[in-house]
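Architecture at a glance
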Amino acid sequence: MSRGPTGSDVREAEPALPEADVSEVELQDRGVPAATPHGLSVLGWLRWAWRQLTSMRTALILLFLLAIASVPGSVLPQEGIDPSAVSQYYTAHPALAPILNKLSLFNVFAAPWFAAIYLLLFLSLAGCVLPRTFRLAGAARQKPPRAPRYLARLPLSASYATALTPARALEAGGQQLAAKRFRLRTGDGWISAEKGYLREIGNLLFHIALLALLASVGLGGIFGYKANRLLVAGQSFADTPTALDVVHYGRLISASDLAPFSITLNGFRATYVTSGPEQDQPLTYNAALSYTQSPGARVRHYDLQVNHPLVIDGASIYLIGHGYAPEFTVTDGAGKVVFSGPVPFIPVEQSGLTSEGVVKVPDASPTQLGFAGVFLPTAADENNQLVSVFPAPLEPRVSLVSYAGNLGLNSGAPQSVYQLNTAGMQRLAVAPRPLAMGQSIVLPHGAGKLTFTGYRQWISLAITHDPGQLPALISALVALAGLILSFMIRRRRVFLRAAAGPDGRTVVDFGGLARSDAAGGFEVEFAELAEELRTAQDGVARASDPGSGSAGTGAGARTGASASGEQGGSTSVSSGNDQALGSAEDAGGE
């Protein structure tokens, strides 16, 4: 048997293994530093690099780096979640946004550097966890160790005398321990029992679930997809690549794997706090949708709300934003209506939902027309400046700047629908003014006329298909259950020895220790167990010899802290936390 310096554990003595037979993980667990790669061959360098990667220290460093790398994805708008917010960021920070984009900070979780950290962490945890998993599985199946020779040197011990023979005393004690669900191991004159193996099973579950959780995240990245769509009230779209604003496919997903549903936005309604310190804050968002799961299928209806997604064929549709789309009618210089319809404007602030947008009219004659401006849901004049004081459309106004010339749409360079390229255009001499619904701007030199005819509301939808969500949830729950088991269950050992005393009676020695008892409580459990063992053995003695009286109240019991105030002091429990377990020879089995 081996012992620790504080007497906190008792284990079977194991032969020392040469360093070559001990895994790197075990050496690091024992505090042995990893071997340095000086003078190693190429294979030796590779083995050394693998050992460094699979060390717990490296896993913790990578986990910390992954947490740091996730911060920009939570702070900055992401293209895969809210592309309109990314456009707003470009408008608000025209110099900084291109730099952040080059660093993939607007698409963090699909960035190569983020994937590198994730893959390294997965390899590190796999190499670190799998060996421990096998060891934990072995620990959950192992038998209790042999009983120490001197149980009085254990942290907790008790001694009493009984009229039973040593064999009968051990048999009665073994039956009592087995009834308490202890795992038993017997020898000549001793019993070793251990309980709390579910702690090791909890550790095992946690390690396996951790790997499963990482694999589930990878499963979603390989077989899932994400898309976004801005949908104006009254319009429809189908889940096809050409109808989506942004789509990101998993590694093994193509356009043919998209769910064949279609959605129509029938209307949108938002309510806001009208007074108090939280004025202007949204209360409810409700989007009335009609959808079909496949072409020709029955039309269904759904009230889409925040955090209440619509699920169609494994794809979840989330409501992530909304705004206004002013409606315009543009007549060119020839008197022809060349544009009529809603134009989504993107909010640049949330308290009043002031929104910016552009109107492009490439079919106007004699020259192309363009308009850029703002939409104000509830317009008001504050310090000679037009602002929106409430996000609901109480006093909707639009103010535009007019341009004429070449829009540059045929240059071959891509353009944002929310920005106007004025390089080839000339600003018209029309003073911007707030237009109410029904009012118009008459362009000079017979260039045409723009009329603000009304507005609609739009919503931003995030479409996600992630087959790893359910496995990830199950893995997280299993990991949590494993942690609870490992924290709540104590691994404890008790030992029983019985031998004939000098007066002919049998002396029973009972000792125990807890391998993990940070919360305490084993002392009480041990005292109760000692009393139950004595009582059970006394009962067997009385049943065997009814005239013997009260067996087991011998004077040979050691003095010490009473187990639980039992009668006559026949059983005593000693707490030896400050005592060493003795040498390996003394504490060893027979």
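So, how was this worked out
- Residues numbered from 1 in each chain as written.
- Predicted model: local features only at pLDDT ≥ 70, side-chain atom pairs only at ≥ 80, totals over all residues.
- Heavy atoms only, no water.
- Helix = DSSP H or I, 4+ residues; strand = E, 2+ residues; numbered from the N terminus.
- Buried < 20%, exposed > 50% of the residue type's maximum accessible area, 1.4 Å probe, protein only.
- Contact = heavy atoms within 4.5 Å.
- Areas by Shrake-Rupley, 256 points an atom, 1.4 Å probe, with all protein chains shown as cover.
- pLDDT = per-residue confidence, 0-100.
- Pairing = 2+ DSSP bridges.
- Axes fitted to C-alpha atoms, helices over the stretch in contact; angles between N-to-C directions.

**Considering the overall build of the chain**
In terms of helices and strands, the chain carries 11 helices and 27 strands. Counting only residues that meet the buried cut, the chain has 44% of its 590 residues in that class. Nonlocal contacts in the chain, meaning residues at least 24 apart in sequence, comprise 65% of its contacts between residues at least 6 apart. Carbon and sulfur atoms make up 58% of the accessible area of the chain, which totals about 29700 Å².

**Some points on the environment of Pro391**
Following the sequence through the fold, Pro391 ends up in the loop between β19 (385-388) and β20 (397-405). Residue classification places Pro391 among the buried residues on the basis of a relative accessible area of 0%. Once the C-alpha coordinates of Pro391 and Ala379 are considered, the two residues, 12 residues apart in sequence, prove to be 9.8 Å apart. When residues no more than four places from it in sequence are discounted, the contact partners of Pro391 are Tyr272, Asp280, Tyr324, Ser351, Gly352, Leu353 and Pro377.

**Concerning the confidence of the model for the chain**
Across the chain, pLDDT averages 82, with 84% of residues at or above 70. Low confidence marks residues 1-27, where pLDDT is under 50. Its contacts with residues over four positions away, or in another chain, come to 56 contacts. Per-residue pLDDT stays below 50 along residues 548-573; that stretch engages in 63 contacts with residues further than four places along the chain or on separate chains.

**Overview of the sheet that holds strand β7 (residues 236-238)**
Across the sheet, four strands lie side by side as β7-β9-β10-β11; this open sheet has antiparallel pairing. Strand pairing shows two members of the sheet lacking a second neighbour, β7 and β11 (300-304), which therefore form its edges. Each strand of the sheet is rotated relative to its neighbour by a mean of 25°, with strand direction disregarded. Pairing of strand β10 (residues 282-292) with β11, which is carried by five bridges, proceeds in the antiparallel orientation. By the bridge assignment for β11, Leu289 is matched with Tyr302.

**Observations regarding the pairing of strand β16 (residues 355-361)**
Taken across its seven residues, β16 has six buried, putting it largely inside the fold. Relative to β16, strand β15 (residues 346-347) runs antiparallel, the two being bridged by two bridges. Each bridged residue has a counterpart across the sheet, and for Ile346 the counterpart in β16 is Glu356. In this antiparallel pair of consecutive strands, β16 and strand β17 (residues 368-376), the connection spans six residues.

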